[in-house]
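Chain residues, written in single-letter form:
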Amino acid sequence: MLSERAKRVKPSPTLAMDTKAKEMKSQGIDVISFGVGEPDFDTPDNIKDAAMRAIKEGHTKYTPVGGIPQLKDAIAEKLRNDNGLSYESDEIIVSCGAKHSLYNIAQALLSPGDEVVIPSPYWVSYPAQVLLNDATPVFVRTREEDDFMLDPDELKEHVSGRTKAIILNYPSNPTGLGYDRSTLEAIAEVAVKNGIYIISDEIYEKILYDGAEHTSIASLSAEVKALTIVVNGLSKSHAMTGWRIGYAAGPRDVVKAMTKIQSQSTSNPASIAQWAAVEALRGPQDFIRTMVEEFDRRRRFLVEALNRIEGMQCRMPTGAFYVFPNVSGIIGKGLDGRTIGDSSSLALYLLEEAKVALVPGSAFGAEGFIRISYATSMENIRKAVERIGEAVERLS
Ligand SMILES: *Cc1c(COP(=O)(O)O)cnc(C)c1O
């Protein structure tokens, strides 16, 4: 008999669509994936070389649980230089990906009955991790016309005596949009007033367009910093998803608890990947600019092309590599007795008819939208939007 906890969490809906797309591909069908959640760039050579050097030099043993001092120093320096945040070594923990950092946070903070405020649309792992830790996600819907920023007044209404934390993600997966400083300030004020932790997932910090700048909520004041756990990693910024290096920085007692939990679950992240991460943070950063310039080109093309499809409306994202078009103008249409009743049925229709795999908004708690990732070649993007346009045109 499986645990109640295991039964509480469903497999990732993004994976389900992916499995079906892979099945079609294995049958020789030319499926284009708009569902990818990782950069389609290779990890830069200087980082790979650092990993090979680490192996040769014998860095192949257990390391301190929370990360090697050299990496913690590089992370502290990054947080200081990029975010104006100052952390000591024992306020930083390196984990096996930012997802693992987030899981450690949930383990360290949550008790049964605790509530965690999650603005929707949300990244699918947030509610799953809250549920796996016997706490309750409290969803607060955000509006497209507010660029999907959480309304501080609505946050207030959803805060209760049991609220332990709020999870923010900016730039956001799935919307590609961020938060402006004044909204962050208003949210932080609610958190400080109620003594709520802020879990700030800033993994897409480096992928920004049109000169947008990133403000970490922790940098707003010492009071806010004392309640914030900043989460970041190298998966997206340095195309290192497979290396599994993420980190968190926050109050000493929280990080200490996270380290204790990590010591009894995974121990340290891979020694070799940690040395590669030191190079990623300390070495040349021009790779990021090249990658972002290419994403930017695709973003502009894609948004314009999607907005030409009748029934679709797409905001220009300011970060990450996703667009989140509103498809409510297509929902309700149909073809040959088949009705497109919601975003899932639209995604399925587009997979079958247009041979394009993408993720329905419902997977992120936002019906009436779809998520498209442009971490794929311009050629694929051109082909896929054309096919989507044709398939949507057939509906009436
Ligand atoms: C990709 C992603 C992460 C985590 O990535 P890791 O590979 O575990 O570092 C965290 N949050 C969001 C929103 C993401 O999209």
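Shown above is the structure to which this text applies.
Before going into details, it helps to say that this report is about the structure given with it. Numbers given to residues run from 1 along each chain, matching the order in which its sequence is written. Only residues with pLDDT of at least 70 are given local features in this predicted model, and only at 80 or more are side-chain atom pairs given and counted; all residues enter the totals for whole chains, interfaces and linings. The side-chain quantities take in all heavy atoms of the structure and omit both hydrogens and water.

**Some points on empty space enclosed by the protein**
Over the atoms, a rolled probe matching the size of one water molecule traces out where space is still vacant. In the cavity and pocket records, a cavity denotes points on a 1 Å grid over the protein atoms alone where a 1.4 Å probe fits but cannot get out, a pocket denotes an open set with protein on both sides within 12 Å along at least 5 of 7 lines, and lining residues are residues with an atom within 4 Å of a point. Grid points are joined across faces, edges and corners, and a volume is the space filled by probe spheres set on the points. Overall, the coordinates contain three cavities of 30 Å³ or more when judged by the stated rule. By volume, the largest cavity amounts to about 160 Å³. Along the walls of the largest cavity sit 19 residues, with Pro119, Pro121, Asn169, Ser172 and Tyr179 positioned nearest its centre. Helix numbering and strand numbering both begin at the N terminus, where a helix is a DSSP run of H or I of at least 4 residues and a strand a DSSP run of E of at least 2. Among the secondary structure elements, those contributing two or more residues to the lining of the largest cavity are strand S3 (115-120) and strand S5 (163-169).

**A closer look at the site of the ligand**
Residue proximity to a molecule or strand is established when one non-hydrogen atom of the residue lies within 4 Å of it. Residues in close proximity to the ligand total 13 residues, the closest being Ala98, Asp201, Tyr204, Ser235 and Lys236. Here Lys99 contributes a backbone N or O atom positioned 3.0 Å from an oxygen atom of the ligand. Within 3.5 Å is the distance limit for a polar contact, defined as a pair of N or O atoms, with the added protein rule that one can donate a hydrogen and the other accept it, and that residues adjacent in sequence qualify only through two side-chain atoms. At 2.9 Å from an oxygen atom of the ligand is found a side-chain nitrogen or oxygen belonging to Asn173. Expressed as a share of its isolated accessible area of 380 Å², the protein-covered part of the ligand is 93%. Using a 1.4 Å probe, the Shrake-Rupley method yields the accessible areas, and only the shown protein chains count as cover for residues.

**Regarding helix H10 (residues 252-265)**
A helix is expected to span 1.5 Å multiplied by its residue count minus one. Its 14 residues give H10 an end-to-end C-alpha distance of 20 Å, which sits within 8% of 20 Å, the value for a rise of 1.5 Å per residue. For this analysis, residues touch if any pair of their heavy atoms sits within 4.5 Å. Elements that come into contact with the buried residues of H10 comprise strand S2 (92-95), helix H5 (98-109), strand S6 (197-201), strand S7 (228-233) and strand S8 (246-249). Once H10 ends, the next one or two residues include Ser267, with phi positive near 60 degrees.

**Comments concerning the packing of helix H12 (residues 286-307) against helix H14 (residues 378-393)**
Fitted lines through C-alpha atoms serve as axes, helices being fitted only where they are in contact, and the angles separating the N-to-C directions of these axes extend from 0 to 180 degrees. It is the contact of H12 with H14, at a shortest axis distance of 11 Å, that shows an interaxial angle of 5 degrees. Classed by the angle they form, the pair H12 and H14 counts as roughly parallel. Packed against H12, whose contacting residues are Arg297, Arg298, Phe301, Leu302, Ala305 and Leu306, the element H14 presents Met378, Ile381, Arg382 and Val385 at the interface. When its residues are assigned to classes, the contact of H12 with H14 shows seven nonpolar, no polar and three charged. The labels follow the angle: roughly parallel below 35 degrees, roughly antiparallel above 145, roughly perpendicular from 65 to 115, and oblique for the rest. Think of it as three bins: nonpolar holds Ala, Val, Leu, Ile, Met, Phe, Trp, Tyr, Cys and Pro, charged holds Asp, Glu, Lys and Arg, and polar takes everything else, Gly as well.

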